[in-house]
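# Examining the three-dimensional arrangement
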Amino acid sequence: MEKKNSLEKKYESAWEKYSETEFKKVFSLSSRYIKFISQCKTERQCVNELVKEAEKKGYVDLNSIIKDGKTLKAGDKVYAVNRDKNLVLYLIGEDPMEKGFSILGAHIDSPRLDLKQNPLYEDTDLALFKTHYYGGIKKYQWVTVPLSIIGVVVKKTGEVVNINIGEDETDPVFCVTDLLVHLSQDQMQKTMAKGIEGEALNVLVGSIPVKDKKEKERVKANILKLINEKYDITEEDFVSAELEVVPAGKAREYGLDRSMVIGYGQDDRVCAYTSFEAMMEITKSKKTLITVLVDKEEIGSVGATGMHSRFFENATAEVMEAAGQYSELKLRRAFANSKMLSSDVSAAYDPNYPSVNEKRNQCYFGKGVVFNKYTGSRGKSGSSDADAEFVAEVRAIMDKHKVSWQTSELGKIDQGGGGTIAYILAQYGMEVIDCGVAILSMHSPFEIASKADIYETKNAYVAFLKEA
Ligand code: MN
Ligand code: MN
């Protein structure tokens, strides 16, 4: 009987295995993580903060290496920043780079409401901002929750004005109003997709008119006056701005046993942060190690800061050049010989919605880092399917390092699905597998993750960087 049992795979809760010391490590990692996602709600904030931390660990700006004509050797640490919205970190290894890199990748953009180019208007003595939502959201989740406005306004002079209103406890906050239930007879008959329309996601920002009665829209005029006083910007400056409306306030511990984390933007900052910590932990390597954190995943990885951009390839070419190892062919070989954990969050099994999941191929809270051999939807369409050989290698590494892991698909076959950045890197011919942290209420203003999974995921990255 005992022999038969050992043939079966049981996915057990990671909580079962922790000693008291390890239990403490689970909680201390999550408190660092809570601090990070509380402070970093936009791509720019993430890049800014992580660059600071990386520099403390001895990482040097790639631009300064190029400018000073310095050479890179094994053990050197460099980073490259793209438009303040992408970050790539390199730890130079002893082996020739054409033998391949070990790469961690994740994205640092999250669903939100972006201000439109002409956002400010007045209606019935109220001032509001027009928004255009970013990424896939269930619109009804974004009304009546306190919101902050974070981002930049760039003036014609090129001066960048940083805006962050709503995060300090003394700041005002904002919100999108919803219709009172008493008058919702018609609204309540609509589908959830239509109940709140995209064009109705207008953020209420003011209600006091300026004294000057000659002004036509006096509340709007007052808002313009206030922001001009504080930031020295005018209405036209909104045209060259990136202002993100995000849930206000800090991430928190969650649950009576404090076993979880609730907060905005865990997709995919939970993977970005743990990848970053893993990368920082390693100081020496045979292979060159890379962590790449990208923007625009939520809208298709497009544009100059998305994974489809050549930025990553170009930065890597510069690193190879500085290490005296560059040629077009060697760069191609390096990528083709690379191995990558492409990290993004997975949909955890939710006992409130059992019907959308297939229980045997689903991920669960507390069972560790999630591997998705393939993502995609309805017939694996659009998925990057990792080779069985690579999956075998990865699970062997996880078992060797006693990392709790599980495997998952995104829900039932015909229910929906999703994509990540994996397929983009796979185009170089490298080995890529999707992995990450299971999340509840994904893409909502307040997502939930398990502290044990966050811990196991970080350990998975460390193991991968050491062994792959
Ligand atoms: Mn994601
Ligand atoms: Mn997402």
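Residues numbered from 1 in each chain as written. Chains lettered and ligands numbered in written order. Predicted model: local features only at pLDDT ≥ 70, side-chain atom pairs only at ≥ 80, totals over all residues. Heavy atoms only, no water.

### Considerations on the overall build of the protein
- Each helix and strand in the protein was counted, giving twelve helices and 23 strands.
- Taken over the C-alpha trace, the protein has a radius of gyration of 24 Å; the compact-globule value for 468 residues is 23 Å, and the two agree within 12%.
- In terms of its C-alpha atoms, the protein occupies a principal-axis envelope of roughly 80 × 65 × 45 Å.
- Of all 468 residues assigned to the protein, the portion counted as buried reaches 52%.
- Considering only contacts within the protein whose residues lie at least 6 apart along the sequence, 76% involve residues at least 24 apart.
- Summing over all exposed atoms, the protein offers an accessible surface of approximately 22,800 Å²; the carbon and sulfur share of this is 51%. (Helix = DSSP H or I, 4+ residues; strand = E, 2+ residues; numbered from the N terminus. Rg over C-alpha atoms; globule rule 2.2 N^0.38 Å. Buried < 20%, exposed > 50% of the residue type's maximum accessible area, 1.4 Å probe, protein only. Contact = heavy atoms within 4.5 Å. Areas by Shrake-Rupley, 256 points an atom, 1.4 Å probe, with all protein chains shown as cover.)

### Brief notes about the coordination of the manganese ion (ligand 2)
- Taken together, Asp-267 (OD), Glu-298 (OE), Glu-298 (OE) and His-443 (NE2) make up the full set of protein donors to the manganese ion (ligand 2), lying 2.1 to 2.6 Å away.
- Donor residues for the manganese ion (ligand 2), ordered by position in the chain, follow D-x30-E-x144-H.
- In this model, the manganese ion (ligand 2) sits 3.1 Å from the manganese ion (ligand 1), the two metals being bridged by Asp-267. Of the two residues, Asp-267 is situated in helix H7 (residues 266-281) and His-443 in the loop between strand E22 (438-440) and strand E23 (447-450); the sequence distance between them amounts to 176 residues.
- Residue classification places Asp-267 among the buried residues on the basis of a relative accessible area of 3%.
- The exposure class assigned to His-443 is buried, which follows from its relative accessible area of 17%. (Donors = N, O, S within 2.8 Å, 3.2 Å for Na, K, Ca; no water.)

### So, the sheet that holds strand E5 (residues 112-123)
- Taking strand neighbours across the sheet as the criterion, the seven strands line up as E8-E7-E11-E5-E6-E10-E9 in an open arrangement whose pairing is antiparallel. Across the chains shown, the open sheet's two edge strands, defined by having one partner strand only, are strand E8 (160-165) and strand E9 (175-176).
- Note that E5 and strand E11 (residues 241-247) share two bridges and pair antiparallel. Counted as the bridge partner of Asp-114 is Glu-244 from E11. (Pairing = 2+ DSSP bridges.)

### What about the packing of helix H3 (residues 43-56) against H7?
- At a closest axis distance of 11 Å, the pairing of H3 and H7 adopts a crossing angle of 15°. It follows that H3 is roughly parallel to H7 by the angle criterion. Pair H3 / H7 crosses with right-handed handedness. Note on element contacts: H7 touches H3 through Arg-269, Phe-276 and Met-280, opposite Glu-43, Cys-46, Leu-50, Glu-53 and Ala-54.
- Classifying every residue of the contact of H3 with H7 by side-chain character gives five nonpolar, no polar and three charged. (Axes fitted to C-alpha atoms, helices over the stretch in contact; angles between N-to-C directions. Parallel < 35°, antiparallel > 145°, perpendicular 65-115°, else oblique. Left-handed = near helix turned anticlockwise from the far one by under 90°. Nonpolar A, V, L, I, M, F, W, Y, C, P; charged D, E, K, R; others polar.)

### Quick notes on the packing of aromatic side chains
- Throughout the structure, instances matching the rule amount to 14 aromatic pairs.
- On the numbers, 5.8 Å between centres and 80° between planes, the contact of Tyr-11 with Trp-405 is edge-to-face. On the criterion of sequence distance, the pair formed by Tyr-11 in the loop between helix H1 (2-7) and helix H2 (20-39) and Trp-405 in strand E19 (residues 405-407) is long-range, its members being 394 residues apart.
- An aromatic cluster is present here, built from Trp-15, Tyr-18, Phe-23, Phe-27 and Tyr-455 joined pairwise through their rings.
- A cation over an aromatic ring shows up here: Lys-9 above the ring of Tyr-11, its NZ or CZ 4.9 Å from the ring centre.
- Residue placement shows Lys-367 over the ring face of Tyr-364; its charged tip is 5.2 Å from the ring centre. (Phe/Tyr/Trp six-rings, centres within 6.5 Å; stacked < 30°, edge-to-face > 60°. Lys NZ or Arg CZ within 6 Å of the ring centre and 35° of its normal.)

### Examining a nonpolar patch on the surface
- The grouping of Leu-179, Leu-180 and Leu-183 at the surface amounts to a nonpolar patch, some 290 Å² of accessible area in total.
- Structurally, Leu-179 is set in the loop between E9 and helix H5 (192-195).
- The class of Leu-179 is partly exposed, set by a relative accessible area of 41%. (Patch = residues over 30% accessible without salt bridge, like charges linked within 9 Å, V, L, I, M, F, W, Y side chains within 5 Å. Salt bridge = Lys/Arg side-chain N within 4 Å of Asp/Glu carboxyl O.)

### With respect to the sheet that holds strand E21 (residues 431-436)
- Taken in spatial order, the nine strands line up as E1-E2-E3-E14-E4-E15-E21-E17-E19 in an open sheet, and their pairing is mixed. Each edge of the sheet is formed by a strand with only one pairing partner; in this case those strands are strand E1 (60-61) and E19.
- Summarising the sheet, strand E17 (residues 369-372) and E19 pair through three bridges and their orientation is parallel. By the bridge assignment, Val-370 is partnered in E19 with Gln-406.

### Thoughts on the pairing of strand E10 (residues 203-206)
- Pairing analysis gives three bridges linking strand E6 (residues 126-134) to E10, with the strands arranged antiparallel. By the bridge assignment for E10, Phe-129 is matched with Val-203.
- Bridging between E9 and E10 involves two bridges; their strand directions are antiparallel. Looking across to E10, one finds that Cys-175 is bridged to Leu-204.

### Focus: the coordination of the manganese ion (ligand 1)
- The coordination sphere of the manganese ion (ligand 1), as far as protein atoms go, consists of His-107 (NE2), Asp-267 (OD), Asp-344 (OD) and Asp-344 (OD), spread over 2.1 to 2.5 Å.
- A relative accessible area of 7% places Asp-344 in the buried class.

### Digging into the domain arrangement of the protein
- The assigned domain composition of the protein is domain 1 (14-110 + 264-467) and domain 2 (112-247).
- The partner domain 2 presents 16 residues to the 19 residues of domain 1 that form the contact.
- Summing both partners gives a buried area of about 1,400 Å² for domain 1 against domain 2, and 53% of it is carried by carbon and sulfur.
- A salt bridge links Arg-44 to Glu-242; its shortest N-O distance comes to 2.8 Å.
- At the junction of domain 1 with domain 2, the criterion picks out eight residue pairs in polar contact (both at pLDDT 80 or more).
- Take the side of domain 1 that touches domain 2: its biggest share by element is three residues, from H3.
- Partitioned by chemical class, the residues of the side of domain 1 that touches domain 2 number four nonpolar, six polar and nine charged. (Domains from an automatic or database assignment. Buried area = accessible area lost by both parts, 1.4 Å probe. Polar contact = N/O pair within 3.5 Å; in protein donor to acceptor, adjacent residues only side chain to side chain.)

### Digging into the pairing of strand E2 (residues 77-82)
- Burial analysis of E2 places five of its six residues in the buried class, the great majority of the element.
- Where E1 and E2 come together, two bridges link them in parallel fashion. Among the inter-strand pairings, Val-60 is bridged to a residue of E2, identified as Val-78.
- Across six bridges, the pairing between E2 and strand E3 (residues 86-91) is antiparallel. Across the sheet, Asn-82 pairs through a bridge with Asn-86, a residue of E3.
- The antiparallel hairpin formed by E2 and E3 contains three residues in its connecting segment, where Arg-83 sits at a positive phi of about 50°.

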